[in-house]
Amino acid sequence: YALKSRPGPAAALATGTAAGLFNGSFGMGGPPVILFFFSSPAGTAAGRASIIAFFLLTDLTGLAWQGSEGLLHLATLWRALLFLPALIGGVWLGNRGFKNANPQEFRRWVLRLLMLVAVLAGARALAQML
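Figured I'd write up the structure that's included with this text. (Residues numbered from 1 in each chain as written. Predicted model: local features only at pLDDT ≥ 70, side-chain atom pairs only at ≥ 80, totals over all residues. Heavy atoms only, no water.)

## Quick look at the pattern of salt bridges
To keep things clear, this is the line we draw: When a carboxyl oxygen of Asp or Glu lies within 4 Å of a side-chain nitrogen of Lys or Arg, that pair is called a salt bridge. The numbering of helices and of strands both runs from the N terminus, where a helix is a DSSP run of H or I of at least 4 residues and a strand a run of E of at least 2.
Across all of its chains, the model carries 2 salt bridges by this definition. Notably, a salt bridge pairs R108 with E105, separated by 2.8 Å at the nearest N-O pair. Of this pair, R108 and E105 both sit in helix α5 (residues 103–129), separated by 3 residues, roughly a single helical turn. With a closest N to O distance of 3.4 Å, R112 and E105 form a salt bridge.

Next comes the structure, spelled out in structure tokens:
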């Protein structure tokens, strides 16, 4: 599924509201944003760049808030450095795979991954209830 025209301000506001609600409720604000950008007629490259910018800005905002609340410590830095090679490797693999990807097949995989995330989040919630 792809939109025929570029979404307007109302769609952007609804997506931002959903992302905020999802982030506050489930700790996962990304799915509405991912659907919003990858259903846009702007194309997968523009959608991917927009998502990268969105997550960069929300992560920096969260990091600034954590810093202002005194939640960042030396141990946090060490953990970040520990996971940095995996992050760099994932970015490298993602860039390499994206360059060779068919846009329609890419969108299908994005939807499949979002469905998997939804199923896993639901299963986790059920497991915690038991």
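## What about the nonpolar core?
As a reminder, the rule being used: Side-chain atoms within 4.5 Å link the members of a nonpolar core, which is a set of buried Ala, Val, Leu, Ile, Met, Phe, Trp, Tyr and Cys residues. Using a 1.4 Å probe on the protein chains alone, a residue whose accessible area is under 20% of its type maximum counts as buried, one over 50% counts as exposed, and one in between counts as partly exposed. By the convention used here, residues are in contact when the closest approach between their heavy atoms is within 4.5 Å.
Among the nonpolar cores identified, the biggest contains 7 residues, and these are I34, F38, I51, F98, F106, V110 and L114. Secondary structure elements with two or more residues in this core: α2 (30–38) and α5. Sort the elements by how many residues they give to this core and α5 lands first, with 3 residues. Every residue in contact with F106, bar those within four places of it in the chain, is listed here: F38, T44, F98 and A101.

## Topic: the side chain of S39
Just so we agree on the cut-off: N or O atoms closer than or at 3.5 Å make up a polar contact, with two conditions inside protein: a donor-capable atom paired with an acceptor-capable one, and, for residues adjacent in sequence, both atoms drawn from side chains.
With respect to the helices, strands and loops of the structure, S39 is situated in the loop between α2 and α3 (44–68). The class of S39 is buried, set by a relative accessible area of 12%. For S39, the side chain forms a polar contact with the main-chain oxygen of L35, separated by 2.8 Å.

## Quick look at the packing of α2 against α5
When two helices pack together, their arrangement is given by the angle between the helix axes and the distance between those axes. Filter applied, for reference: To define axes, lines are fitted to C-alpha atoms, for helices over the stretch in contact only, and angles between the resulting N-to-C directions are given on a 0 to 180 degree scale. What sets the label is the angle itself: under 35 degrees gives roughly parallel, over 145 gives roughly antiparallel, 65 to 115 gives roughly perpendicular, and the rest give oblique. Crossings are classed by handedness, with left-handed meaning an anticlockwise turn of the near helix from the far one by less than a right angle and right-handed meaning a clockwise turn. Three classes are used: nonpolar for Ala, Val, Leu, Ile, Met, Phe, Trp, Tyr, Cys and Pro, charged for Asp, Glu, Lys and Arg, and polar for all others, with Gly counted as polar.
Here α2 crosses α5 at 165°, and the two axes come no closer than 11 Å. Taken together, α2 and α5 sit at an angle that is classed as roughly antiparallel. Along this stretch, α2 crosses α5, giving a crossing that reads as left-handed. Taken together, the residues of α5 that come into contact with α2 (itself represented by P31, I34, L35 and F38) are F106, R107, V110, L111 and L114. For the contact of α2 with α5, a count of residues per class yields 8 nonpolar, no polar and 1 charged.

## So, a nonpolar patch on the surface
To keep it simple, the criterion reads: Patches here: salt-bridge-free residues with over 30% relative accessible area, like charges joined within 9 Å, nonpolar side chains (Val, Leu, Ile, Met, Phe, Trp, Tyr) joined within 5 Å. What sets the accessible areas is the Shrake-Rupley method with a 1.4 Å probe; for residues, cover comes only from the shown protein chains.
Residues L74, L77, W78, L81, L84, L87, I88 and V91 make up a contiguous nonpolar surface patch of roughly 800 Å² in combined accessible area. Tracing the backbone shows W78 in helix α4 (residues 74–99).

## Remarks on α5
Our working rule: Residue count minus one, scaled by 1.5 Å, sets the expected span of a helix.
For α5, built from 27 residues, the straight-helix expectation of 39 Å at 1.5 Å per residue is met to within 8% by its first-to-last C-alpha distance of 39 Å. All of the buried residues in α5 are F106, R107, V110 and L114. Packed against the buried residues of α5 are α2, α3 and α4. Put simply, N102 is the residue that caps the front of α5, since its side-chain oxygen is 2.8 Å from the backbone nitrogen of Q104.

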